[in-house]
Amino acid sequence: MTNDVLNSLLKEYQQKKLNAELDLDRRKQNLYKLIPRLEEIDRELNNFAINTAKNILNNSSNSSSVSNLKQKISDLKKEKELILFKNNYSLDYLNPFYECKVCNDTGFILDNNYKTTMCNCLKQKLLDISINKSNMYNLKKENFNNFNELIFSDEVDLAKYRFNISPRRNIVNIKNKCIDFINNFDDSNYKNLLFVGSTGLR
């Protein structure tokens, strides 16, 4: 997978994130016009949050005043939720509607060690592109669940196939090797698979 592909996907993610945030802004402005109290609450919440952070950083207030600010913030949030509920809006209506709730359409997340890792949604997109480029796009139909060993001969023909087992037994062995490889894919000590054959075989 080239860097160009990844960069292109990341641009898509940036646009998706921007679209979700622009959509939120439109919904906010419309709702503020219908229910002005919501805008007042959001403004108060922002002010209280800023004041709380300043007081904590500057050590300019005791724990009691910080607790009071936090209580006011909690009360405003509850009032906001009650207004949304009474007006038949979901409680997350004033949050961005990201396509991926895990990474918020950034493509990356922080793991438990605060290390940035690729989100599964971005991994899946990269995988889909790789599959399409390798012409393996029909995996729902072409997979081991639909594997039919009966189309292979059960006759042993050493002269023709140069094996002392039948083509059916041979293909079943190959299938089992492939499944074994998949089940042990994360094992670095496990051997790779190499497929060889005449042109046009698959």
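Look above for the structure.
Residues numbered from 1 in each chain as written. Predicted model: local features only at pLDDT ≥ 70, side-chain atom pairs only at ≥ 80, totals over all residues. Heavy atoms only, no water.

> What am I meant to see in the nonpolar core here?
Counting residues in hydrophobic clusters, the biggest one holds 13 residues, and the most contacted among them are L31 and L38. Of all the secondary structure elements, the ones that give two or more residues to this core are α1 (3–34), α2 (36–58) and α3 (63–86). For L31, the residues in contact, after removing those within four places along its chain, are L38, L84, Y89, Y93 and L94. Residues L9, Y13, C100 and L122 belong to the second largest nonpolar core, which totals nine residues. (Core = buried A, V, L, I, M, F, W, Y, C linked by side-chain atoms within 4.5 Å. Buried < 20%, exposed > 50% of the residue type's maximum accessible area, 1.4 Å probe, protein only. Helix = DSSP H or I, 4+ residues; strand = E, 2+ residues; numbered from the N terminus. Contact = heavy atoms within 4.5 Å.)

> What exactly am I supposed to notice about the packing of aromatic side chains here?
In this description, an aromatic ring pair is defined by two values, namely the gap between the centres and the angle between the planes. On inspection of all chains with the given rule, the structure shows four aromatic pairs. Residues Y89 and Y93 carry aromatic rings whose centres are separated by 4.8 Å and whose planes lie at 50 degrees to one another, so their mutual orientation is tilted. An aromatic cluster is present here, built from Y89, Y93 and F97 joined pairwise through their rings. The lysine or arginine in question, K16, covers the ring of Y13, its NZ or CZ lying 4.2 Å from the ring centre. (Phe/Tyr/Trp six-rings, centres within 6.5 Å; stacked < 30°, edge-to-face > 60°. Lys NZ or Arg CZ within 6 Å of the ring centre and 35° of its normal.)

> Looking at this structure, I do not really get helix α6 (residues 167–183). What am I missing?
Residues three or four positions apart in an α-helix share a direction because the helix packs 3.6 residues into each turn. Here α6 is 17 residues long and its end C-alpha atoms lie 24 Å apart, about the 24 Å a rise of 1.5 Å per residue gives. Taken as a whole, α6 has its buried residues at P167, I171, V172, C178 and F181. Lining the buried residues of α6 we find α5 (158–161). (Expected span 1.5 Å × (residues − 1).)

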